[in-house]
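Secondary and tertiary structure notes
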Amino acid sequence: MIFQQSLKIKTLGRGMIDCTAKVSDLVVQSKINTGICHVFLHHTSASLIFCENADPAVQSDLEAFMKRFVPDGDNLFKHTMEGPDDMPAHVRTVLTQNSLTIPVTQNQLNLGTWQGIFLWEHRFKGHERKLTVSILGDDSSS
Amino acid sequence: MIFQQSLKIKTLGRGMIDCTAKVSDLVVQSKINTGICHVFLHHTSASLIFCENADPAVQSDLEAFMKRFVPDGDNLFKHTMEGPDDMPAHVRTVLTQNSLTIPVTQNQLNLGTWQGIFLWEHRFKGHERKLTVSILGDDSSS
Amino acid sequence: MIFQQSLKIKTLGRGMIDCTAKVSDLVVQSKINTGICHVFLHHTSASLIFCENADPAVQSDLEAFMKRFVPDGDNLFKHTMEGPDDMPAHVRTVLTQNSLTIPVTQNQLNLGTWQGIFLWEHRFKGHERKLTVSILGDDSSS
């Protein structure tokens, strides 16, 4: 069994958006009991990560760390056409991830208690971002 | 065909544990000949990585690099409830990976000669960590 | 349905090689309409990344960033048997990725407009690198 559907997520500029509920809903819709759920982000200037989902300070601390680690407007970069956040967004993306795969168990997204699926926008401005969710498996129990 | 099973791994504090043999055994048990094996770690303060498996100095060098790169007790962080290694563990996790997918060929985990699957505990103290292994494929040759 | 095939890619030393066309060809050959495509690199001193595919300066900027971030010949490292680029290649690999999964839609690799699949050689010298591409899905539309 295969289920595939795309989602659009509007970001409001740099920062994270919790997409866990939207992906969970698709797993239930898929009627797949046991398998895997693949979430793919079609962009090179935003990431998908598993972030701790209880304390919002984890998100702001990750952002603070990344900002210090990959400075905007770094003189090292030649690819600066779209501004000081252009190349840093590509570096942030390559050093994190664009796609996540999660087990599906008993027709549920089988995440850890503290794991959420977050879209991390790296550009200063908001963008409409496209995700494709693919769920593979069967309808029997494992 | 789908095979899914969870494993518990006890860590002894910060450092790496080679999980390759346990995952390989599940591939053989699954009787799946050709497909993929997905290994998922249900935590936000430990990673799964492919590490060079021959020289233990690679593990200690990776740990030394990470310790310098993401200092424990960094004043930048606000999420410090569980100690100086709390937020660094989340950063280390986001900058590495929580899940790995490996081809399955002829009912074997098809890793490179020097690739092992390592669980990297980022917290100072040991924890019981949960993995879920999902294997998808069929029983014919590719 | 499952399709699996290995590829050899010759690298010319440190730098990136666009492998998108080779992987796309295998998706078409597989005749799989809807599913996922998993690309796996069997090495611990080279990476697979999604890189922006329009401006070659993105590749050279990523390389410049990584070179500053993980210096060759760093005194921190003990695993130096194969030279000053040996351990940095392992660090670069662990902080990026060895395998990528992409949705397959209408028998095409469903990448974003600006996303390419790049093999990033981290060693100074060229190597023959092995990839295994596994495509899972079915021949119906999603």
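All of these numbers come straight from a predicted model, not from anything done at the bench.

Thresholds applied
Residues numbered from 1 in each chain as written. Chains lettered and ligands numbered in written order. Predicted model: local features only at pLDDT ≥ 70, side-chain atom pairs only at ≥ 80, totals over all residues. Least-squares fit on C-alpha atoms with pLDDT ≥ 70 in both. Contact = placed C-beta atoms within 7 Å. Helix = DSSP H or I, 4+ residues; strand = E, 2+ residues; numbered from the N terminus. Buried ≥ 20, exposed ≤ 12 C-beta atoms within 10 Å, placed from the backbone. pLDDT = per-residue confidence, 0-100. Pairing = 2+ DSSP bridges. Axes fitted to C-alpha atoms, helices over the stretch in contact; angles between N-to-C directions. Core = buried A, V, L, I, M, F, W, Y, C linked by C-beta atoms within 7 Å. Nonpolar A, V, L, I, M, F, W, Y, C, P; charged D, E, K, R; others polar. Parallel < 35°, antiparallel > 145°, perpendicular 65-115°, else oblique. Left-handed = near helix turned anticlockwise from the far one by under 90°.

**Here we look at the relation of the copies chain A and chain C**
- Overlay of chain A on chain C (RMSD 0.0 Å): rotation 120°, translation along the axis 0.0 Å. Such values leave the two copies arranged in the relation of a three-fold axis. Judged by C-alpha distance, Leu95(A) is the residue of chain A that lies nearest the rotation axis, at 3.5 Å.
- Residue by residue, only 14% of the interface of chain A is reproduced at the interface of chain C, so the copies engage with different surfaces.

**Notes on unusual backbone geometry**
- Phi at Gln106(A) takes a positive value of approximately 55°, unusual for a residue other than glycine.
- Mapped onto the fold, Gln106(A) is located in the loop between β5 (99–105) and β6 (108–109).
- In this structure Gln106(A) comes out as exposed when scored by C-beta crowding, with 9 C-beta atoms within 10 Å.
- The phi dihedral of Lys31(B) is positive, around 60°, even though this residue is not glycine.
- By the element assignment, Lys31(B) lies in the loop between α1 (20–30) and β3 (34–41).
- By the C-beta count within 10 Å, which is 12 here, Lys31(B) ends up exposed.

**Things to note about the confidence of the model for chain A**
- With 99% of its residues at a pLDDT of 70 or more, chain A has an overall mean of 97.
- Across the whole predicted complex the pTM is 0.97, and at the interface the ipTM reaches 0.96.

**Brief notes about the sheet that holds strand β7 (residues 115–121) of chain C**
Residues and elements named next belong to chain C.
- Taken in spatial order, the three strands of this open sheet run β2-β7-β4, and their pairing is antiparallel. Single-partner strands in this sheet number two, and they are β2 (15–18) and β4 (46–52). Ignoring strand direction, the axes of neighbouring strands in this sheet form an average angle of 35°.
- Taken together, the seven bridges between β4 and β7 define a ladder with antiparallel strand orientation. Bridge pairing in β7 links Leu-48 to Leu-119.
- Sitting on the sheet, helix α2 (residues 56–69) is in contact with β2 and β4, with an inclination near 135° to β4.

**Description of the interface of chain A and chain B**
- Taken together, the contact between chain A and chain B spans 31 residues of the former and 22 residues of the latter.
- Elements represented by at least two residues in the side of chain A that touches chain B include exactly β3 (34–41), β4 (46–52), α2 (56–69), β5 and β8 (128–138) of chain A.

**Observations regarding the pairing of β3(B)**
Residue and element names in this part refer to chain B.
- When you tally the buried positions in β3, you get eight out of eight residues, the bulk of the element.
- Here β3 runs beside strand β5 (residues 99–105); their pairing, made up of six bridges, is antiparallel. Note that in β5 the partner of Ile-36 across the bridge is Pro-103.

**Topic: the environment of Val70(C)**
Residues and elements named next belong to chain C.
- Within the secondary structure layout, Val-70 lies in the loop between α2 and α3 (86–95).
- Each C-alpha atom, one on Val-70 and one on Val-91, is 7.5 Å from the other, the two residues being 21 residues apart in sequence.
- When residues no more than four places from it in sequence are discounted, the contact partners of Val-70 are Pro-88, Val-91 and Arg-92.

**Brief notes about the relation of the copies chain A and chain B**
- Between chain A and chain B, which share one sequence, the superposing operator has a rotation angle of 120° and an axial displacement of 0.0 Å; the RMSD is 0.0 Å.
- Here only 10% of the interface residues in chain A have copies in chain B that are interface residues too; the copies meet through unlike faces.

**Section: helix α3 (residues 86–95) of chain B**
- Within α3(B), 10 of the 10 residues are buried, which leaves the element mostly enclosed by the surrounding structure.
- All of the buried residues in α3(B) are Asp86(B), Met87(B), Pro88(B), Ala89(B), His90(B), Val91(B), Arg92(B), Thr93(B), Val94(B) and Leu95(B).
- At its buried positions, α3(B) is contacted by β4, α2 and α3 (86–95) of chain A, β4 (46–52) and α2 (56–69) of chain B together with α3 of chain C.

**Digging into the sheet that holds strand β7 (residues 115–121) of chain A**
Residue and element names in this part refer to chain A.
- Overall, antiparallel pairing links the three strands, which are arranged β2-β7-β4 in an open sheet. This sheet does not close on itself; its edge strands, each paired only once, are β2 (15–18) and β4. In this sheet, adjacent strand axes meet at a mean angle of 35° when their direction is disregarded.

**Quick word on the nonpolar core**
- Counting 120 residues, the largest nonpolar core has Cys37(A), Cys37(B) and Cys37(C) as the members making the most contacts within it.
- Non-local contacts of Cys37(C), meaning those with residues more than four positions away in its chain, are made with Val23(C), Val27(C), Thr101(C), Ile102(C), Val104(C), Leu109(C), Val133(C) and Ile135(C).

**Description of the interface of chain A and chain C**
- At the junction of the two partners, chain A supplies 22 residues and chain C supplies 31 residues.
- Here the element with the most residues in the side of chain A that touches chain C is α3(A); it accounts for five residues.
- Split by residue class, the side of chain A that touches chain C holds nine nonpolar, 12 polar and one charged.

**Here's the deal with the environment of Ser30(A)**
- Mapped onto the elements of the fold, Ser30(A) is located in helix α1 (residues 20–30).
- C-alpha of Ser30(A) to C-alpha of Ser134(A): the two residues are 104 residues apart in sequence and 9.5 Å apart in space.

**Remarks on the packing of α2(B) against α3(C)**
- One can describe the packing of α2(B) onto α3(C) by two numbers: an axis separation of 10 Å at closest approach and a directional angle of 65°. In terms of orientation, α2(B) lies roughly perpendicular with respect to α3(C). Taken as a pair, α2(B) and α3(C) cross one another with a handedness that is right-handed. Between α2(B), through Val58(B), Asp61(B), Leu62(B) and Phe65(B), and α3(C), the contact on the second element is made entirely by Met87(C), His90(C), Val91(C) and Val94(C).
- A per-class count over the contact of α2(B) with α3(C) returns six nonpolar, one polar and one charged.

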